[in-house]
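Below are the chains, spelled out letter by letter.
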Amino acid sequence: MSLHPTHDAGIWVGALLSLCIFSFLYKDNPFYKFAEHLFVGVSAGYFIALRFWTVIVPNLWEPLLKATAGQGVDAAHHGMFAAEQGDYRGWLILPGLLGLLLFTRFVGRLSWVSRWSLALIIGVYAGLKTTGFAQGDFVAQVQASLQPLWVRGHPWEGVNAIIFTVGLLTSLLFFYYSREHKGTLGAVSRVGILFLMVSFGAGYGYTVMSRVSLLIGRFQYLLDDWLGLR
Amino acid sequence: MSWTQTLEKLDRRWIFLVLALLVMGPLLFPLALPLSPSPPVHGFVQAIDKIPDGSTVLMSCDYDPASKPELVPMTRTALRQLWGKHCRIVVTVLWDGGPGLVDNVLREVAAEYPGGKTYGVDYVNLGYKEGREDVMVLMGKGIANAFPRDYRGNDTRSLPLMANVRDYSSFPLLVNISAGYPGTKEWVQQVQGRYHLPMVSGCTAVSAPEYYPYLQSGQLLGLLGGMAGAAEYEKARGEKGAATRGMDAQSMAHVLVAVMIVLGNVVQRSRRQAEGA
């Protein structure tokens, strides 16, 4: 095994900044602070530029410019406000104005005006989330919870379905707080706790895996891409 | 001082050091621990295998560089599987930090093919669009409506690949690689449930438990959970990529965490006994 350090300046910068961040594990220090501040600044600049060029320009500015010349997606239609589905032309002034109104939050006396835009955003999101949850989660998950407990020729599927159903019912009963958890309800909810603990354990295991993966990814970057150890 | 008291007072930096050594060791000297694809991974592979050759597939890579070690390996393998079937791929990114990273991965994998894969014909990167669920719903009214320009600045409607792409009905499958919100959950809620578009997901390990109910209900045809899922996918496809190389280190780190949990409980128990006495 020998060292083959990269000549790519970008990888050197990335590697040195990674080491600056890792140095926090020993204790807080100026190298860590430098990398942290650099990250925050670069991120802010990057996101502002990205959103301007990928959202404002193609979705608002360019269509509005074309609309002022009477053009849009459909070349056969002329007119600044000759809108149709997917070709909103001059009407894009409205969302543009609503977007600008959000900045009134910085003007003390006018800050209440931003609530109009926020109300629209919250209303749209509430509607989308509610219908999406009802269709994608609630109905589909209830439907999938109704499993046959006996499948001819596949006994293990039946065992699996029984464990699933017991886990589902006991976990649900654990969250039933209208009666004190004593007697039968207490015993059932304790079984529910067992199932919940197993699920928390699985969740914890997956979380550990996720975080360790980040560490592995950084080490692969340092050992392979930077130092070229092979 | 007893050994439990020594452990109780142990400087946590020793644990960091041991973890670093345990992760670095297998990366330098691989252990080649056994690995076999699980049913959710087989489901992912089979869902792609079943679509007709030459189909146009929607692939949403909803992640940023923070999830690179887990999600880039599975993105690479999925691209290879899709291009192995001569599929054309429409890529979107709903995370603002992701489009540059995803574009690099696309270029890198496209270059692996003799003559390369042609941008605009074999694949397009529509890039990032702010709006989360709004974008998903808007794409249902027309993909080019939601993305008038692609990541590279082209007029989306002018790209040859997009000539036959209208909305979700143009795709036989959605491949979602997800790091969280917006991601698999939102695609299931807004698109799979509404447009009945068959879907598979590759996700970070931390979000995998949340998506298993979708797999059990059949809303997802396959699921890759974190680096382990990516490594199993590589194994199923006969590849040996970054995820496979990382799994030995992953296993060693998990052993350390398990040992630490046991030791922590022993220390806690002995402290309680001492306090009781």
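Conventions we followed
- Residues numbered from 1 in each chain as written.
- Chains lettered and ligands numbered in written order.
- Predicted model: local features only at pLDDT ≥ 70, side-chain atom pairs only at ≥ 80, totals over all residues.
- Helix = DSSP H or I, 4+ residues; strand = E, 2+ residues; numbered from the N terminus.
- Rg over C-alpha atoms; globule rule 2.2 N^0.38 Å.
- Buried ≥ 20, exposed ≤ 12 C-beta atoms within 10 Å, placed from the backbone.
- Contact = placed C-beta atoms within 7 Å.
- Nonpolar A, V, L, I, M, F, W, Y, C, P; charged D, E, K, R; others polar.
- Pairing = 2+ DSSP bridges.
- Axes fitted to C-alpha atoms, helices over the stretch in contact; angles between N-to-C directions.
- pLDDT = per-residue confidence, 0-100.
- Right-handed = clockwise from strand over helix to strand, strands pointing away.

Participant: Please explain the overall build of chain A as it appears in this structure.
Facilitator: Scanning chain A from terminus to terminus reveals six helices and zero strands. What you see in chain A, going N to C, is helices and strands ordered as α-α-α-α-α-α. Against the 2.2 N^0.38 benchmark of 17 Å for 230 residues, chain A shows a C-alpha radius of gyration of 29 Å, more extended than a compact globule. Oriented by its inertia axes, the alpha-carbon framework of chain A measures out at about 75 × 60 × 50 Å. Put simply, chain A has 230 residues, and 9% of those count as buried. Contacts spanning at least 24 positions in sequence make up 29% of the contacts within chain A whose residues lie at least 6 apart.

Participant: Which parts of the structure should I look at to understand the interface of chain A and chain B?
Facilitator: One widely used convention gives an interface's size as the accessible area the parts lose upon coming together. Contacts between the two partners involve 39 residues from chain A, matched on the other side by 48 residues from chain B. Sorting elements by how many residues they give to the side of chain A that touches chain B places helix H6 (residues 183–226) of chain A first, with 17 residues. Tallied by class, the residues present in the side of chain A that touches chain B amount to 22 nonpolar, 15 polar and two charged.

Participant: How do you make sense of unusual backbone geometry when you look at a structure like this?
Facilitator: Phi is mostly negative for residues that are not glycine, and the peptide bonds are mostly trans. With an omega dihedral of -10°, the bond running from Tyr-181 of chain B to Pro-182 of chain B counts as a cis peptide bond. Of note, Pro-182 of chain B is situated in the loop between strand E4 (174–178) and helix H8 (184–195). For Arg-89 of chain A, which is not glycine, the phi torsion reads 50° and is therefore positive. With respect to the helices and strands, Arg-89 of chain A occurs in the loop between helix H2 (30–68) and helix H3 (93–101). The phi dihedral of Arg-132 of chain B is positive, around 50°, even though this residue is not glycine.

Participant: What is the right way to look at the pairing of E4 of chain B in this model?
Facilitator: Here is the key point about a regular strand: its side chains alternate between the two faces of the sheet. Residues and elements named next belong to chain B. Of all five residues making up E4, five are buried, and the element is well covered by its neighbours. Residues Leu-174, Asn-176 and Ser-178 point to one face of E4 and Val-175 and Ile-177 to the other, with burial holding for every one of them. Here strand E1 (residues 56–62) runs beside E4; their pairing, made up of five bridges, is parallel. Bridging from a neighbouring strand, Asp-62 pairs with Ser-178 of E4. Of the pairings in the sheet, the one linking E4 to strand E5 (residues 199–203) comprises five bridges and is parallel in character. Looking at E5, one finds that Ser-178 is bridged to Cys-203.

Participant: Just checking my understanding: could you explain the sheet that holds strand E2 (residues 88–93) of chain B for this structure?
Facilitator: As a general point, the strands of a sheet are linked pairwise by backbone hydrogen bonds and lie either parallel or antiparallel. Residue and element names in this part refer to chain B. Judged by pairing direction, the sheet is parallel, and its six strands sit side by side in the order E3-E2-E1-E4-E5-E6 without closing on themselves. On the outer flanks of this sheet lie strand E3 (123–128) and strand E6 (223–225), each paired with one strand and no other. Across the sheet, the mean angle separating the axes of adjacent strands is 15° when strand polarity is ignored. Taken together, the five bridges between E1 and E2 define a ladder with parallel strand orientation. Across the sheet, the residue bridging to Met-59 is Val-91, located in E2. Sheet strands in contact with helix H10 (residues 226–236) are E5 and E6, and its direction is about 125° off that of E6.

Participant: So what exactly am I meant to see when it comes to the confidence of the model for chain B here?
Facilitator: Taken over all residues, the pLDDT of chain B has a mean of 94, while the share at 70 or more is 100%. Interface confidence for the predicted complex, given as ipTM, is 0.90, next to a pTM of 0.90.

Participant: How should I be thinking about the pairing of E2 of chain B in this particular structure?
Facilitator: Residues and elements named next belong to chain B. Across the six residues of E2, six count as buried, placing the element largely inside the fold. Judged by which residues are buried, E2 turns out to be covered on both faces: Arg-88, Val-90 and Thr-92 on one side and Ile-89, Val-91 and Val-93 on the other are all buried. Taken together, E1, helix H4 (residues 68–84) and E2 constitute a β-α-β crossover, and its handedness is right-handed. Pairing analysis gives four bridges linking E2 to E3, with the strands arranged parallel. For Ile-89, the partnering residue across the bridge sits in E3 and is Tyr-123. Crossover handedness for the path E2 to helix H5 (residues 99–110) to E3: right-handed.

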